[in-house]
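Below are the chains, spelled out letter by letter.
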Amino acid sequence: MSTVFGLQLAGGQDVVVKAREDGASGVFPTTGPAMLPPIESSAAFLTAYQEHRGRRFTEEEQEVAWAAGLWTAAHDVRWEALHDKAPGVDDALRAQAAERLRRAKA
């Protein structure tokens, strides 16, 4: 069974979350080109999600969450390159990759 709900982060950014017993995903909706949310927004989302579900992530779940966010950004960069789209994520990915990898313990 899945549950879909919305969260609004402190900065006013909306997030749509689909949660199941075995996992969840969050989407930062946008109508323009793909974007990588700032690290602070990703961290705020993870905190809000854990509070909403009433259970903190284990250390391994935290690592997976940070790695998954980095993987989706890399996917967006690949898609943009394959479809000759103006880059929307590549500069942010370069700037944030080291910190996101550190948080993923990768």
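This section reports on the structure supplied with the text. (Residues numbered from 1 in each chain as written. Predicted model: local features only at pLDDT ≥ 70, side-chain atom pairs only at ≥ 80, totals over all residues. Heavy atoms only, no water.)

**Overview of the overall build of the protein chain**
Which entries qualify depends on this criterion: Each helix is a run of DSSP H or I of at least 4 residues and each strand a run of E of at least 2, with the numbering of both proceeding from the N terminus. Under the scheme applied here, a residue whose accessible area is under 20% of the maximum for its type counts as buried, over 50% as exposed, and between as partly exposed, the area being computed with a 1.4 Å probe on protein chains only. Between two residues, a contact is recorded if the distance between any of their heavy atoms is within 4.5 Å. A 1.4 Å probe and the Shrake-Rupley method give the accessible areas. Residues count as covered only by the protein chains that appear here.
Each helix and strand counted, the protein chain has three helices and three strands in total. Moving toward the C terminus, one meets the helices and strands of the protein chain in the order β-β-β-α-α-α. A total of 106 residues make up the protein chain; the buried ones form 27% of that total. At a minimum sequence separation of 6, the contacts of the protein chain that also span at least 24 residues come to 41%. Summing over all exposed atoms, the protein chain offers an accessible surface of approximately 7000 Å²; the carbon and sulfur share of this is 56%.

**Focus: the packing of aromatic side chains**
The test is simple: Aromatic contacts are taken between Phe, Tyr and Trp rings whose centres are within 6.5 Å, Trp giving its six-membered ring; a plane angle under 30 degrees counts as stacked, one over 60 as edge-to-face, and the others as tilted.
Overall, the coordinates contain two aromatic pairs when judged by the stated rule. Where Phe 45 meets Tyr 49, the ring centres are 6.2 Å apart and the plane angle is 25 degrees; that geometry is what we call stacked. Pair noted here: Phe 45 and Tyr 49 are both in helix α1 (residues 39–53), with a separation of four residues, about one helical turn. Grouping residues by exposure puts Phe 45 and Tyr 49 together as buried. For the ring pair Tyr 49 and Phe 57, a centre distance of 5.9 Å and an interplane angle of 45 degrees mean the geometry is tilted.

**Here's the deal with the packing of α1 against helix α3 (residues 90–103)**
For the record, the criterion: The convention used is that axes are lines fitted to C-alpha atoms, helices contributing only their stretch in contact, and that angles between N-to-C directions extend from 0 to 180 degrees. The scheme is simple: roughly parallel for angles under 35 degrees, roughly antiparallel for over 145, roughly perpendicular for 65 to 115, oblique for anything else.
It is at 11 Å that the axes of α1 and α3 come closest, and there the two elements cross at 25 degrees. Between α1 and α3, the crossing angle belongs to the class labelled roughly parallel. Within the contact between the two elements, α1 uses Ile 39, Ser 42 and Ala 43 and α3 uses Gln 96, Glu 99, Arg 100 and Arg 103.

**Let's talk about helix α2 (residues 59–82)**
In plain terms, the rule: Expected span of a helix, by definition, is 1.5 Å for each gap between consecutive residues, and there is one gap fewer than residues.
Relative to the 34 Å expected for 24 residues at 1.5 Å per residue, α2 spans 35 Å between its end C-alpha atoms, a close match to the ideal helical length. Taken residue by residue, α2 has Trp 66, Gly 69, Leu 70, Ala 73 and Glu 80 as its buried positions. Those residues of α2 that are buried lie in contact with α1 and α3. Just past α2, the residue Asp 84 takes up positive phi, approximately 50 degrees.

**Concerning the pattern of salt bridges**
Our working definition: A side-chain nitrogen of Lys or Arg and a carboxyl oxygen of Asp or Glu constitute a salt bridge if their distance falls within 4 Å.
If you walk through the whole model with that rule in mind, you get seven salt bridges. Taking the shortest distance from any N to any O, the salt bridge between Arg 53 and Glu 61 comes out at 3.7 Å. Overall, Arg 53 belongs to the partly exposed group, its relative accessible area being 31%. Judged by relative accessible area, which is 28%, Glu 61 ranks as partly exposed. With a closest N to O distance of 2.9 Å, Glu 61 and Arg 55 form a salt bridge. Arg 55 sits in the partly exposed class, given a relative accessible area of 38%. Three or more residues joined by partner-sharing salt bridges are found here, namely Arg 53, Arg 55 and Glu 61.

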